[in-house]
Amino acid sequence: MSITKVDVVIVGGGNIGTAAGYFLSKLGKKVIIIERDSIGAHASGFAYGSLNPLGGIGIPGPILPLAIEAMKLHEYMHQLLIAETGIDTQFNKKPNLTLAFNEEEEVNLKERFSWQQAQQDYRVKWLQHEDLKSIDSRISNQALGGVLIEGTAEVDSYRLVLALTQAAEKQGVEYRLDQVIGLKTKLSKVTGVITKTSEFECEQVLLATGPWGGETSKWLNIEIPVGPLKGQIIRLQAPDPRLEFTIGWSGNYATTKSDGLLWAGTTEEEAGFNDSLTTEARDSIMKALLTMMPDMESARLITQTACLRPVSSDGLLLLGQIPSWEGIYAANGAGRKGILLGLLMAKIVTDLMLDIPIDLPINPFRVDRFTDLTTN
């Protein structure tokens, strides 16, 4: 079995793993990224790519400062990756409109309104029922009102991973299609990684394994409570005009993407690692779309996709050094915010690996908050 020596082995070729490889190689580290399927083959390559720092699980809350900073990093990296690779990640500023259809939903949206308005770089407005038609006449007459946020954006998630991959390769990062089956350690320090076909000697390992994070528990003798949350999306050929904003309601969304298709989603399914497509999900997504915009009834289904998002047992990120192990780090658990947060999570964890000071509140995401969950 061949043995390759590098500084860092990254396990996982999604947006976090590829971004971490990019950042580490920029600072002179020799890096190999090991992915058992293909680069961006799972959630990172199929996600909608919403960049909305002012909504979602954990917001407001400990994730908010990271979400705000993550948006800035996306905008910066968009231009940088074009310059370095010629690949446009299709970062695009696009307003976000969230609807309310009953009084409870209206109250919930208005409770968030004041802190959303306080965020710099964003314009947040409450729209009454009659104001919604000025945004798009196809919005349902049943909507009571909604919150419009200007300053949010979107990105093509697959093109982002592709650009990061090519930029990292130009800096010497290697990619291997293989499956990691264990770690090499000496006392409490990592010394390498073992795959089905090779061995790698290294000083540090980054586990960016997404929903398969729980599988690494057996390597570490510490429970890594991350598992899959299935989500499905449909893409439609919809009647003109295209949506120049993202419309959302009750966790659902729809918008016209750069491919000209209307993307609508999404589901949250506890289905283990079963990522098969279902008619139930398709019908549920379509029902939500028609609730928001009944005129989309004539839209024609083009394709349907599914992916598995990584979520932790407490819904927060895992970011930092694995407790009791020297040289082993994790970046995981971003769930539905994976595309927004992925670049910044990679930047934070690589700074931690290199002892670079971090001016962000990352304490709530320490992996050692789970140290009482040791394996047998």
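Below is a short write-up of the structure.

The rules behind each value
- Residues numbered from 1 in each chain as written.
- Predicted model: local features only at pLDDT ≥ 70, side-chain atom pairs only at ≥ 80, totals over all residues.
- Heavy atoms only, no water.
- Helix = DSSP H or I, 4+ residues; strand = E, 2+ residues; numbered from the N terminus.
- Rg over C-alpha atoms; globule rule 2.2 N^0.38 Å.
- Buried < 20%, exposed > 50% of the residue type's maximum accessible area, 1.4 Å probe, protein only.
- Contact = heavy atoms within 4.5 Å.
- Areas by Shrake-Rupley, 256 points an atom, 1.4 Å probe, with all protein chains shown as cover.
- Lys, Arg positive; Asp, Glu negative; His and termini not counted.
- Charge placed at Lys NZ, Arg CZ, Asp CG, Glu CD.
- Pairing = 2+ DSSP bridges.
- Axes fitted to C-alpha atoms, helices over the stretch in contact; angles between N-to-C directions.
- Right-handed = clockwise from strand over helix to strand, strands pointing away.
- Polar contact = N/O pair within 3.5 Å; in protein donor to acceptor, adjacent residues only side chain to side chain.
- Salt bridge = Lys/Arg side-chain N within 4 Å of Asp/Glu carboxyl O.

Considering the overall build of the protein chain
Next up, step 1: For the protein chain, the helix and strand inventory stands at nine helices and 21 strands.
Next up, step 2: Relative to the compact-globule value of 21 Å for 376 residues, the protein chain shows a C-alpha radius of gyration of 21 Å, a close match.
Next up, step 3: Taking the principal axes of its C-alpha atoms as reference, the protein chain extends roughly 65 × 45 × 40 Å.
Next up, step 4: Counting the 376 residues in the protein chain, one finds 56% classified as buried.
Next up, step 5: In the protein chain, the share of contacts with a sequence separation of at least 24, taken over all contacts with a separation of at least 6, comes to 72%.
Next up, step 6: Of the roughly 16000 Å² of accessible surface on the protein chain, 49% is carried by carbon and sulfur atoms.
Next up, step 7: Here the protein chain contributes 35 positively and 45 negatively charged side chains, and the mean placements of these two sets differ by 4 Å.

Regarding the sheet that holds strand β3 (residues 31-35)
Next up, step 1: As summarised here, the arrangement of the six strands in space is β10-β3-β2-β14-β21-β20, forming an open sheet in which the pairing is mixed. A single partner strand is all that each edge strand has here, and the edge strands are β10 (174-177) and β20 (318-321). The average undirected angle you get between the axes of adjacent strands in this sheet is 20°.
Next up, step 2: Running at roughly 170° to β3, helix α1 (residues 15-26) makes contact with β2 (8-11), β3, β10, β14 (204-207) and β21 (328-332) of the sheet.

Things to note about the sheet that holds strand β9 (residues 153-154)
Next up, step 1: Strand order in the open sheet formed by three strands is β4-β9-β5, with antiparallel pairing between adjacent strands. Each edge of the sheet is formed by a strand with only one pairing partner; in this case those strands are β4 (50-51) and β5 (92-93).
Next up, step 2: Across two bridges, β4 lies against β9 in antiparallel orientation. From the neighbouring strand, Leu 51 faces β9, where its bridge partner is Ala 153.

Remarks on the pairing of β3
Next up, step 1: With respect to burial, β3 is a largely interior element, five of its five residues being buried.
Next up, step 2: Burial along β3 is two-sided: Val 31, Ile 33 and Glu 35 and Ile 32 and Ile 34, pointing in opposite directions, are all buried.
Next up, step 3: Note: β2 against β3, four bridges, orientation parallel. Paired with Val 11 across the bridge in β3 is Ile 34.
Next up, step 4: Between the parallel pair β2 and β3, the chain is carried across by α1, and the sense of this crossover is right-handed.
Next up, step 5: Judged from the four bridges that link them, β3 and β10 form a sheet pairing that is parallel. When the sheet's bridge partners are listed, Ile 34 is paired in β10 with Arg 176.

Side note on the environment of Asp 283
Next up, step 1: Relative to the elements of secondary structure, Asp 283 occurs in helix α8 (residues 279-292).
Next up, step 2: Remark: the alpha-carbon pair of Asp 283 and Ile 234, spanning 49 residues in sequence, is separated by 9.8 Å.
Next up, step 3: At 3.0 Å, the side chain of Asp 283 and the side chain of Arg 282 are in polar contact.

Some details on the pattern of salt bridges
Next up, step 1: Applying the stated criterion across every chain, the model contains 19 salt bridges.
Next up, step 2: Among the ionic pairs, Arg 242 bridges to Glu 244, the shortest N-O distance being 3.2 Å.
Next up, step 3: A residue is classified by how much of its surface remains accessible, and Arg 242, at 38% relative accessible area, is partly exposed.
Next up, step 4: Each of the salt bridges in this network shares a partner with another, and the network as a whole consists of Arg 123, Lys 125 and Glu 150.

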